[in-house]
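In case you want the letters, here they are:
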Amino acid sequence: MLSALFVLVLTTGPAFAQASGGTAIPEPTDGALFAIGLAGLIIGRRVAKRKED
């Protein structure tokens, strides 16, 4: 559910920017991208461990 919400936010963000007159949205920094990837790995491992039990 969290990943679906994340995908929704990423896909609708540019649409809102275009609707508001083309306001530029800054791209995420390397640190933010790294944190998102790390969170995905942690969540993925926890889900995999629950399925094994």
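Keep in mind that what you see is a predicted model, and the values were worked out from it rather than measured. (Residues numbered from 1 in each chain as written. Predicted model: local features only at pLDDT ≥ 70, side-chain atom pairs only at ≥ 80, totals over all residues. Heavy atoms only, no water.)

## Considerations on the overall build of the protein
Each helix and strand counted, the protein has two helices and zero strands in total. Counting all 53 residues of the protein, 2% fall into the buried class. A total accessible area of about 5000 Å² is found for the protein, and carbon and sulfur atoms account for 69% of it. (Helix = DSSP H or I, 4+ residues; strand = E, 2+ residues; numbered from the N terminus. Buried < 20%, exposed > 50% of the residue type's maximum accessible area, 1.4 Å probe, protein only. Areas by Shrake-Rupley, 256 points an atom, 1.4 Å probe, with all protein chains shown as cover.)

## Quick notes on a positive patch on the surface
On the surface, R45, R46, K49 and R50 cluster together into a positively charged patch. Its place among the elements puts R46 in helix 2 (residues 30-52). (Patch = residues over 30% accessible without salt bridge, like charges linked within 9 Å, V, L, I, M, F, W, Y side chains within 5 Å. Salt bridge = Lys/Arg side-chain N within 4 Å of Asp/Glu carboxyl O. Lys, Arg positive; Asp, Glu negative; His and termini not counted. Charge placed at Lys NZ, Arg CZ, Asp CG, Glu CD.)

## A look at a nonpolar patch on the surface
A contiguous nonpolar patch, built from F34, L38, L41 and I42 and spanning about 420 Å² of accessible area, is present on the exposed surface. When you line up the elements, I42 lands in helix 2. Residue class for I42 comes out partly exposed when judged on its relative accessible area of 41%.

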